[in-house]
Structure formats: C-alpha cells, structure tokens
Amino acid sequence: MVEALQEILSKKYNLEKHKISFFKLHHSGDSPHAKILFFVFDSNKALGVIKIIRDFDYNDKLQHECDAQRKAFSSKIKNISVPKILDSGFVGKHFYTYESFVLGEVVGRKNALKYVDVVGDYQLHVEKKKKVSISQIHQTLSSIQIEDERCQDLLRELSKKQDDVFEGSNHGDLTFMNVLVKNKNIYFIDWENYGERTIWGLDFVHYFIRAHNNQEKDVLIGHFEKLKEKPMKTYEFSVLYLIDQLYDFLEKNNLAEYKKVCTEISNL
Amino acid sequence: MYKEQVKRLIENDKYWGEFSEEKMDELLSIADTKDFSDVKYYIEDTLHRSDFIFGTARSDFLLYVPLDKESVVLDCGSGLGIHTFNAAKKAGHVHSFDQSLKRSQFTSYRKQAQQVENISVYQSDFKNLNFTENKFDSILMNGVVEWLGEIDSHKNPRDDQLEVLQQMHSYLKPGGVLYIGIENRMSVSYLHGHDHNGLRFTSYFPRFLANIVTKMRKGKPYRTYTYTYWGYKKLMKDAGFKEEDVTFYIAVPGYNLPKYIIPFDDIQAVRTFLGMMAQKGGIKGKLIKILSTPDFGVKIIRHLFFSYLIYAKK
C-alpha cells in the first residue's frame, strides 16, 4: 500500500522537488467496509487526504461517496462547504479518492445544539422537488414484515397523516459527527449515504433529533417550536420524525430491506 | 474434523489467551455441536471478544505489508487467527501457527466454518517449525517477539529472540518482509501501566535490576525484553537485516489497534501528528505544543510513544 500511495502522489506532485509525507490518519470503524484515511502533507502544510475502503470488495461504497461529494461540491450549497475531490481512481484493486483536507473541529455532541440553526438554514435552501404522498411511503414501509412494537406504533401513526411530503436531495446521515467547523466555515463530510433518504427535510430532522439526544417526539416538537426561524412547518417536522425513525429502525435491523425501501421511495 | 486438520509439530501443550481455558473449552464445545452463528454469538455476547477475533482494524498493519494473490505468508503466534484470516483475504496462502493446541483448533474450526481454503494451521513453537529457507513473502509477528525470551534456551533472553529472528530471516524470500508489532521500552505509558511481567517500571530499569525485582516479586527471572528504537535497530541488524531495509512506524494508540501509523524517521510527519494531538488542548496538548516546536523536541518525543510497527525487508 505504501508504494501504491506513493504512486498516486507521484502523479500529482514532483516528488523529487517536494518532500511529500503521508501517514495513516484514521479509520471510520472496525468493519471491512470502513474508510481508511491517509493524511498527505508537505512541510507541515496539509495537502489532502487519500481515502480507501479497507476491503476492496466494498469499493462501491467509496465510489458512491465520491460521486455524491462531487455533486454536492458543484451544487454550491449556500453557507455550506464540502471537501473537494482532487483525484480518484484505482490503485491496485482499491478505489481511492484524494480530497482536500479540512483540519476543522467536529461539531460533536457538546456543540450540536449550537448548529441547529445552521442546518436549518441549509435545509431551507435545498430545493423541494416533486410531491410524494405519505400513503405511498407508508405502503412501501409497511410492506416489510416487522414485528417490533415500536416500529408498528410508528407505522400506525404515519398512516394517520394526510398531507404530502416532497422529494429533495440530501446528505443522508447529517449528524453532529459529520459537520466540521473551520474558521467559521461549515463543512459537511461523509457523503456515503447520499441519495438514500430522498425526502426533503430529513437532513434537518435527522440532525435535530440527535442534537437533542433522541428525546421523545413531543419533547422534540416542543424544542422545534421554540426555534426562531423554522425550516419547515411543525406538521412537517412531526411527519418527517416518523419517517426518519422508521428508516433508522430498518437500517439497524434489516439493511437489505432498508436499501430496497430507499430505492422504492426514491422512485415514487 | 477441524481438530484433525491442525498439523501438530509439538506434543506438549500450553494454554494462554484473552480468556480462560474453561471458556475456550466451552467455545470449542459450541463449535462441535452448534452452528457458526452460535459460536459468533458466544464470542460476542459472553466473551466480548468479537473484535479480537473477527475484527479488521487490528490488522491495519497489513496495509504496509506488500501482499497479493501470489504471496505466501507465515503468521507466528497466531492466537485465535485474527491476522491469519485478514491476511488470507489478500494473500495466496497463509501458514498460521500457535503453541496452544486449543487456539490452533479454533483457527482450524473457523477455516472450516467460513470455508477458507488458503490457510494451513499448525500447533508449533519456533524450534519445531520445519519450513524450508526462502519460503515466505511475508512473516507476521504481532505481539510475539517480547515473549521469545520465555523460550529460555539461552542465558540471555535477547539470544532467544535473536535466534528466532535469524530463523525468520532465513525463511524469508529475498525481498520478503518481516513485520513486528511490539512495545517501546521507553514509552511514557509505562509510568502508569504494567510491563509484561505484571510489574511497574521494570521496563525502564537496567536489565540486571529488572531481573532482581522480578525474581523477588514474581519468583522468576525477567525475560520479556522490549527495546528502544536503537535497541530494535541493533537486534534487526544482528538478525541479518540491513539497516536501510528496516523501517519503523509509530503506532497510536498501539500496535494492537494502529489507528494512526506514523513513519518514525519522517520528522515532518511526526511533527504534524503531534500538532494534531496538541489541537486537542488541555495540559497535555499545551505540553506537546511547546515540546514539539523545535526539531529536537520532535526527535525526543517520537521515542516516547507506546509501540512500534517494524517492517524489515530481506
């Protein structure tokens, strides 16, 4: 891998002129499909990060993230930055991306609430696309046999909702761990779930629920109503809460069905 | 079936491991009577050792070992087989041995249960290995070298270590790589942690003093030698590796879970890493920031990390 990484860098930099160093910076988990990051720099100046997936059988995950990140970068989301992909390709059997390095602070649990407005503002600027009927979403989600009681409750509650929601592009896993702050600039990172939950508003709701430590729905609605600028109506928040929780449940308990449902709902 | 698949090169047996022998017996009994999913459940739920056995992050040192489908690998002291299986995904064939029969049997069980063809399992010590010279492309010794003094066939534990390293050198093909994951004798973590003998501070002591203290407190001599960077350099040189072919990396938090792998000889890399550590703030952060400002500060601090990954090319 060391030689392979050097090969990637030699394509970009004159290694005879510049002393480029790199080291394994981090990994995103213990699984074979976790991302491994190599930090690349020159005389203490950060140049970028090379990402690979630990087991190349899961290359497609990184390829998906790479496409999503490129798309998000070029769409110039208001007030939000996205690390730029500088290069991508294959090194041996591993797909890699080489992207700009953001040495920022992860928002983290402690500061999560401070950034609710920022995420809300971002959500307001995401375009609402075509209408999607809740009954169709409910139908798709309830087509899966789930015996869990809480899940059944969520489905029952969703079935009572009437109004439509909207399709919209989204990050797919916007949490306080995936928001970085650098010199007051806000960066969204980890785009691997992009396009999975294609319902407008879910990014904000997903962030909001986690920022409030997964409190009960009614408590969350109470917090939501106190927001000065609301990115959505309280009713929408309430519906999106149910959908977010159902998606989460499926993702945790039945990944294959989760993926299927994501695709089906995005095609509605 | 899987038990017979273990090639026994020694007759004696000695069990040690991350969990008790009784638990190991229970694990093998589940393996004999139930499904692989039950075995996995027992490991996860009762032993809480899933990452030690099925994890992948602990084998990230393999990222720096050149492996392809032609590679023949030897995993020494392979335990329950974590690195054997992770290496087997990338290599042509992995020979895996451990001194403990039960641990070797578990590796063999997993090979059968997961239908992995490119692994051979042995119960052996180093003395009884009977491989030919120039056989391996890579040899893995993760958390092994410090225990070689326990072989106890020489007066000086270093000679036991050296003998095995020379043997490994001979097993490597020209261009092959020996990987060693091991502690740094001078690590600051020994100020609050324990040495391999279960005692505090003995790692820092001169050997004769560590020996006296260990004999007094544990009733046995001090034989689990670890070294400084220079000590390992000398050891590898004496084992037959050229100085320029031995590369050191600092593993953080440790060689058993190398989240960060920083090239030891690259001051720029070490400084950058220290800069990241300093960013976390606090007294430790401030201290690192002050000490790592001048070059000599970085050069000193890099000798204080917990462990090394050593890659020696034949």
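Our subject is the structure that appears above.
Chains are numbered independently. Their residues run from 1 in the order of the written sequence. The order in which chains are written sets their letters, starting at A; the order in which ligands are written sets their numbers, starting at 1. In keeping with the model being predicted, local features are shown solely for residues with a pLDDT of at least 70 and side-chain atom pairs are shown and tallied solely at 80 or more, while totals for entire chains, interfaces and linings include all residues. Note that the side-chain values use all heavy atoms of the structure and ignore hydrogens as well as water.

This part covers the overall build of chain B. Strands here mean DSSP runs of E at least two residues long; helices mean DSSP runs of H or I at least four residues long; both are numbered from the N terminus. Of the regular secondary structure elements, chain B holds eleven helices and nine strands. Radius of gyration: over C-alpha atoms. The globule rule applied is 2.2 Å multiplied by the number of residues raised to the 0.38 power. The C-alpha atoms of chain B give 20 Å as radius of gyration, which agrees with the globular expectation for 314 residues (20 Å, within 12%). Seen along its three principal axes, the alpha-carbon backbone of chain B occupies a region of about 60 × 45 × 45 Å. Note on classification: 1.4 Å probe, protein chains only; a residue is buried when its accessible area is under 20% of the maximum for its type, exposed when over 50%, partly exposed between these limits. When burial is assessed residue by residue, chain B has 57% of its 314 residues classed as buried. The Shrake-Rupley method, run with a 1.4 Å probe sphere, supplies the accessible areas, and residue values consider only the shown protein chains as cover. Element-wise, carbon and sulfur atoms account for 53% of the exposed surface of chain B, whose accessible area totals about 14200 Å². Looking at chain B, you have 43 positive and 38 negative side-chain charges, and the mean spots of the two groups are 7 Å apart. For the purpose of charge, His is not counted, nor are the chain termini; Lys and Arg are scored as positive and Asp and Glu as negative. By convention, charge coordinates are those of NZ in Lys, CZ in Arg, CG in Asp, or CD in Glu.

A separate point is the interface of chain A and chain B. Counting residues at the interface gives 27 residues for chain A, matched by 25 residues for chain B. In short, buried area is how much 1.4 Å probe accessible area vanishes from two parts on joining, totalled over both. With both chains or domains summed, chain A and chain B bury close to 2200 Å², and 56% of this area falls on carbon and sulfur atoms. Between Lys or Arg on one side and Asp or Glu on the other, a salt bridge is scored when a side-chain nitrogen of the former is within 4 Å of a carboxyl oxygen of the latter. The tally of links between chain A and chain B comes to three salt bridges. The partner of D60 of chain B in a salt bridge is K24 of chain A, and the shortest N-O contact between them spans 2.9 Å. Whenever a nitrogen or oxygen atom comes within 3.5 Å of another N or O atom, the pair is scored as a polar contact, on the condition that within protein one atom can donate a hydrogen and the other can accept it, and that pairs from neighbouring residues in sequence are kept only if both atoms are in side chains. There are 13 residue pairs in polar contact (both at pLDDT 80 or more) connecting chain A and chain B. Those elements that place two or more of their residues in the side of chain A that touches chain B are β1 (20-27) and β2 (35-42) of chain A. A per-element tally of the side of chain A that touches chain B places β1 of chain A first, with seven residues. Split by residue class, the side of chain A that touches chain B holds 13 nonpolar, seven polar and seven charged. Pairs of residues are marked as contacts when any of their non-hydrogen atoms sit within 4.5 Å. Any residue that is not Ala, Val, Leu, Ile, Met, Phe, Trp, Tyr, Cys, Pro, Asp, Glu, Lys or Arg is counted as polar, Gly included; the first ten are nonpolar and the last four charged.

Right, let's get into the sheet that holds strand β7 (residues 105-106) of chain A. Overall, mixed pairing links the four strands, which are arranged β4-β11-β10-β7 (chain A) in an open sheet. Both edges of this open sheet fall to β4 (80-81) and β7 of chain A, since each of them pairs with a single strand only. Strand pairing is assigned whenever DSSP identifies at least 2 bridges connecting the two strands.

The periodicity of an α-helix, 3.6 residues per turn, causes residues three or four places apart in sequence to face the same way. Residue and element names in this part refer to chain A. Along helix α4 (residues 116-125), the residues classified as buried are V116, V119, G120, Y122 and Q123. Burial along α4 is one-sided: seen end-on, the buried residues are contained in an arc of 160°. Looking at the buried positions of α4, the neighbouring elements they touch are β4, β11 (185-188) and α7 (202-211). Note that the arc is defined by the directions from the helix axis to the C-beta atoms.

All right, on to the packing of aromatic side chains then. The way to describe two aromatic rings as a pair is by their centre distance and the angle between their planes. Aromatic pairing here means that ring centres of Phe, Tyr or Trp (its six-membered ring) are within 6.5 Å. Orientation follows from the plane angle: under 30 degrees is stacked, over 60 is edge-to-face, and everything else is tilted. A complete count under the given rule lists 45 aromatic pairs over all chains for this structure. Ring centres 5.5 Å apart and planes at 70° place the aromatic pair F90 of chain A and F95 of chain A in the edge-to-face group. In this structure F95 of chain A comes out as buried when scored by relative accessible area, which is 7%. With centroids separated by 4.8 Å and ring planes inclined at 70°, the aromatic side chains of Y64 of chain B and Y249 of chain B adopt a geometry described as edge-to-face. Of the two residues, Y64 of chain B sits in the loop between α3 (50-53) and β2 (72-76) while Y249 of chain B sits in strand β7 (residues 246-254), which places them 185 residues apart along the sequence. On the basis of relative accessible area, Y249 of chain B is assigned to the buried category, the value being 10%. Above the plane of the ring of W200 of chain A lies K128 of chain A, whose end atom (NZ or CZ) is 4.5 Å from the centre. Throughout this description, the term charge over a ring refers to an Arg CZ or Lys NZ atom that lies within 6 Å of the ring centre and within 35 degrees of the ring normal.

With that settled, the discussion passes to the packing of helix α9 (residues 267-279) of chain B against helix α10 (residues 282-291) of chain B. Residue and element names in this part refer to chain B. Axes here refer to lines fitted to C-alpha atoms; in helices the fit is confined to the stretch in contact. Angles between the N-to-C directions go from 0 to 180 degrees. Where α9 meets α10, the closest approach of the two axes is 7 Å, and the angle between their N-to-C directions is 150°. Considering their axes alone, α9 and α10 lie roughly antiparallel with respect to each other. Where α9 crosses over α10, the handedness of that crossing is left-handed. In this structure, α9 uses L274, M277 and A278 to contact α10, whose residues at the interface are K284, G285, I288 and K289. Put simply, angles under 35 degrees are roughly parallel, angles over 145 are roughly antiparallel, angles from 65 to 115 are roughly perpendicular, and the rest are oblique. We call a crossing left-handed when the near helix sits turned anticlockwise from the far one by less than a right angle, and right-handed when that turn is clockwise.

Turning to the nonpolar core, a few remarks are in order. To qualify as a nonpolar core, a set must consist of buried Ala, Val, Leu, Ile, Met, Phe, Trp, Tyr and Cys residues joined through side-chain atoms within 4.5 Å. Among the nonpolar cores identified, the biggest contains 62 residues, and F126, I139, M141, M168 and L178 of chain B are the most heavily contacted of them. Per-element tally for this core: the top contributor is α9 of chain B, with eight residues. Dropping the residues within four chain positions of it, F126 of chain B is found in contact with C76, F97, M141, V144, L148, V164, Q167 and M168 of chain B. Grouped together as the second largest cluster of nonpolar side chains are 59 residues, F176, F188, F237 and V239 of chain A included.

To continue, consider the pairing of strand β9 (residues 307-313) of chain B. All names here are of chain B. Burial runs high along β9: six of the seven residues are buried. Relative to β9, strand β6 (residues 172-183) is paired through seven bridges, and the arrangement is antiparallel. Note on β9: the bridge partner recorded for I180 is I310. With six bridges connecting them, β7 and β9 associate as antiparallel partners. Counted as the bridge partner of V246 is A312 from β9.

Attention shifts here to the side chain of Q268 of chain B. Looking at the secondary structure, you find Q268 of chain B in helix α9. Given the relative accessible area of 14%, Q268 of chain B is considered buried. A distance of 3.3 Å separates the side chain of Q268 of chain B from the backbone oxygen of K19 of chain A, its partner in a polar contact.

All names here are of chain A. As for its placement among the helices and strands, D244 is situated in helix α9 (residues 234-253). A distance of 3.2 Å separates the side chain of D244 from the side chain of R197, its partner in a polar contact. The residues touching D244, leaving out its near neighbours within four places in the chain, are R197, L202, V205, H206, I209 and R210.

For the rest of this paragraph, the subject is the pairing of β7 of chain B. Residue and element names in this part refer to chain B. Of all the nine residues making up β7, seven are buried; the element is thus mostly covered by neighbouring parts of the structure. For β7 and strand β8 (residues 257-263), the ladder comprises six bridges, and the chain directions are antiparallel. Looking at the pairing, V252 lines up with Y260 of β8. A loop of two residues connects β7 with β8, the two strands running antiparallel in sequence.

Before going further, it helps to spend a moment on the pattern of salt bridges. Working definition: two side chains of opposite charge can pair if their charged atoms are close together. On inspection of all chains with the given rule, the structure shows 31 salt bridges over all chains. The salt bridge partner of R197 of chain A is E251 of chain A, with a shortest N-O separation of 2.9 Å. With a gap of 54 residues between them, R197 of chain A in the loop between β11 and α7 and E251 of chain A in helix α9 connect regions that are remote in the sequence. With a shortest N-O distance of 3.4 Å, K233 of chain B and E243 of chain B are connected by a salt bridge. You can see K233 of chain B sitting in helix α8 (residues 229-238) and its partner E243 of chain B sitting in the loop between α8 and β7, a full ten residues away along the chain. One salt-bridge network, in which partners are shared between bridges, spans K35, K51, K61, E65, E99, D190 and E192 of chain A.

Turning next to unusual backbone geometry. All names here are of chain B. Going from V252 to P253, the amide bond is cis rather than trans, its omega being 5°. In this structure, P253 sits in strand β7. Despite not being glycine, F201 has its phi angle at roughly 70°, a positive value. Counting through the fold element by element, F201 comes out in the loop between β6 and α7 (207-218).

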